[in-house]
Amino acid sequence: MKMNRNHTLTDGPLLPAIFRLALPAVLSFLLQGTYNFVDTYFVGYLGAESLAGISTGGFILWMIFGLANLVSVGVAAKVARRIGEGDRAEAECTAVRGIWYGLGTSIVLAVPFYFLLPILFGFMHTPPDVTAQGLAYITPLIIGLPTIFLSFVMTGIFNASGDTRTPFLLMLLTLSLSALLDPLFIFGLGPLPAFGVAGAAWATIIARVLWIVLALRKLHRPDCAIHLQVRRKIAVSWTDYLSIVRIGLPKAFTGVLFSGIYMALTRVTAEFGTPNIAALRIGHIFEGLSFFTATGFSIAASTLVGQNLGARQPQRAMRAAWMVGGIVFAYTGLVGLAFRLFADNLAGVFSTDESVIIAGASYLMILAWSQPFMGIEIVMEGGFSGAGNTLPPMLIQVPLTLLRYPVAVALAFGTTLGVEGVWWAISGSSLFKGILMTFWFSRGRWRHTKV
């Protein structure tokens, strides 16, 4: 069955299309960041060790998010391309298969991940009390791994079809539920026991289950851009699964490596005391202002590139990506300026501990320089993903991410910078990744990728 192309994406002015796609996606990702904000806010009342525990557990959570890209990125790229070609039936079949692939992959990965957790915390060399808090936080999330994979896949399906509004509305609803459950599960109420940091994780899982149920209901509605029909027979195969994994593997590998390097950096940071581990968490929360906004706009770049390549309009695809990149570069530059001007005030939001505030402010001041370059890196990566050409970002990100560790060690212990050497290693690598990603994207070879 053929479908009419989405003329707001493959024809007409680009700027309105960019903001129509990007704004709901940005708000959705910022809400995702608010999950972290809410958790951090309430857990902060439990002490520096608990805050450091969810910080270290958060690095493992990033690793899980990276693995979720194994399926979601390939599914989104294929759905966008089929829609651009006008083949709705095949787009819908791809979406259904992707959901099954995501569920199966998550179940297979959950078991070994569960037993790897003590090893991963041992690698970070965190103090015993921080390790205990981190394990209490991340273990429930491993048990709920299918909810993470399914939410990633279905978000990718919505976004690829040009519907970024639905994930935003679902995120808004489930965030409200999570914010309500967080203090109840963390501190307890009446007969409900206090679960501590584990309560934050269980609140998140319950909210994600609701998200998935509501997303499936939406996808089964005939008026949805992608309509999943229960009675339609969908053939799954290893060949099809591997073709999706082939697209998602570079991004998944990069995400896992990124998390692994942060674990190594945490080990270095731990040598300078628990307040600096907590500072990592504070820095990541506020960096979400740049990261999640850039990621939301990268969804617009990915969708526009994918659909316009399917519609045989490579020049329009290129123009859309550059427009998105310019918008994000300007915005993230302003965020960096705010970090420089208000570092102390921002760090004091999450802790009254003076040592944590000083460490957090130091990290934010140094992160400020890399914000616009991190933003452009994320947008260009989205353009590559929309084209289904995910190898170039990996070839740029992997070596520069790996270099973070030896550079951090050299600066932290071989100079007078101390822990600030770790912060400079993180910020400097982001700067170079942004420059190289922009250069490689400008070459334009991604326009010839077959999906």
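Residues numbered from 1 in each chain as written. Predicted model: local features only at pLDDT ≥ 70, side-chain atom pairs only at ≥ 80, totals over all residues. Heavy atoms only, no water.

Caption draft 1: Summary view of the overall build of the protein. When helices and strands are tallied, the protein shows 15 helices and zero strands. Overall, the protein is about 60 × 55 × 35 Å in size when its C-alpha atoms are taken along their principal axes. Counting only residues that meet the buried cut, the protein has 60% of its 451 residues in that class. Accessible surface, the protein as shown: approximately 17,700 Å² in total, 70% of it carbon and sulfur. (Helix = DSSP H or I, 4+ residues; strand = E, 2+ residues; numbered from the N terminus. Buried < 20%, exposed > 50% of the residue type's maximum accessible area, 1.4 Å probe, protein only. Areas by Shrake-Rupley, 256 points an atom, 1.4 Å probe, with all protein chains shown as cover.)

Caption draft 2: Seen up close, the layout of surface pockets. Reported here for the largest pocket is a volume of approximately 320 Å³. Forming the walls of the largest pocket are 14 residues, and the residues nearest its centre are Arg-81, Leu-309, Gly-310, Arg-312 and Lys-450. Listing elements by their share of the lining of the largest pocket, those giving two or more residues are α3 (48-85) and α10 (274-310). In terms of residue count, α3 provides more of the lining of the largest pocket than any other element does, three residues in total. (1 Å grid on protein atoms, 1.4 Å probe; cavity = no way out; pocket = protein on both sides within 12 Å on 5 of 7 lines; lining within 4 Å. Points joined across faces, edges and corners; volume = space filled by probe spheres on them.)

Caption draft 3: Summary view of the pattern of salt bridges. In the structure shown here, the tally under the stated rule is seven salt bridges. Across the salt bridge formed by Glu-85 and Arg-82, the nearest N and O atoms sit 2.8 Å from each other. Taken together, the residues span about one helical turn, with Glu-85 and Arg-82 both in helix α3 at a distance of three residues. For Arg-82, a relative accessible area of 12% puts it in the buried group. Its salt-bridge partner being Glu-90, residue Arg-97 comes within 2.8 Å of it at the nearest N-O pair. For Arg-97, a relative accessible area of 9% translates into the label buried. Take Glu-90: its relative accessible area is 29%, and that puts it in the partly exposed class. Each of Lys-78, Glu-90, Arg-97 and Asp-240 takes part in a single network of salt bridges with overlapping partners. (Salt bridge = Lys/Arg side-chain N within 4 Å of Asp/Glu carboxyl O.)

Caption draft 4: Quick look at unusual backbone geometry. The backbone of Arg-312 sits at a positive phi, close to 60 degrees, despite the residue not being glycine. Following the sequence through the fold, Arg-312 ends up in the loop between α10 and α11 (314-347). Given the relative accessible area of 72%, Arg-312 is considered exposed.

Caption draft 5: Seen up close, empty space enclosed by the protein. Scanning the model with the defined rule gives two cavities of 30 Å³ or more in all. There is about 100 Å³ of room inside the second largest cavity. Around the second largest cavity sit Gln-32, Tyr-35, Asn-36, Asp-39, Leu-61, Phe-65, Tyr-137, Leu-141, Ile-148, Thr-204 and Arg-208, which together line it. Among the elements of the structure, α2 (14-43), α3, α5 (128-143) and α8 (197-219) are those that each provide at least two residues to the lining of the second largest cavity. Top element by residues in the lining of the second largest cavity is α2. It accounts for four residues. Class assignment for the residues of the lining of the second largest cavity results in six nonpolar, three polar and two charged. (Nonpolar A, V, L, I, M, F, W, Y, C, P; charged D, E, K, R; others polar.)

Caption draft 6: Broad picture of the packing of aromatic side chains. Applying the stated criterion across every chain, the model contains 17 aromatic pairs. Here the aromatic rings of Phe-291 and Phe-292 are separated by 5.4 Å at their centres, their planes lie at 80 degrees, and the arrangement is edge-to-face. Given a relative accessible area of 38%, Phe-291 falls into the partly exposed group. We classify Phe-292 as buried; its relative accessible area is 13%. Each ring, one from Phe-384 and one from Phe-441, has its centre 5.2 Å from the other, and the planes form 90 degrees; the classification is edge-to-face. Here Phe-384 is found in helix α13 (residues 371-387), whereas its partner Phe-441 is found in helix α15 (residues 420-442), with 57 residues between them in sequence. In this structure an aromatic cluster arises from ring pairing among Trp-322, Phe-384, Phe-441 and Trp-446. (Phe/Tyr/Trp six-rings, centres within 6.5 Å; stacked < 30°, edge-to-face > 60°.)

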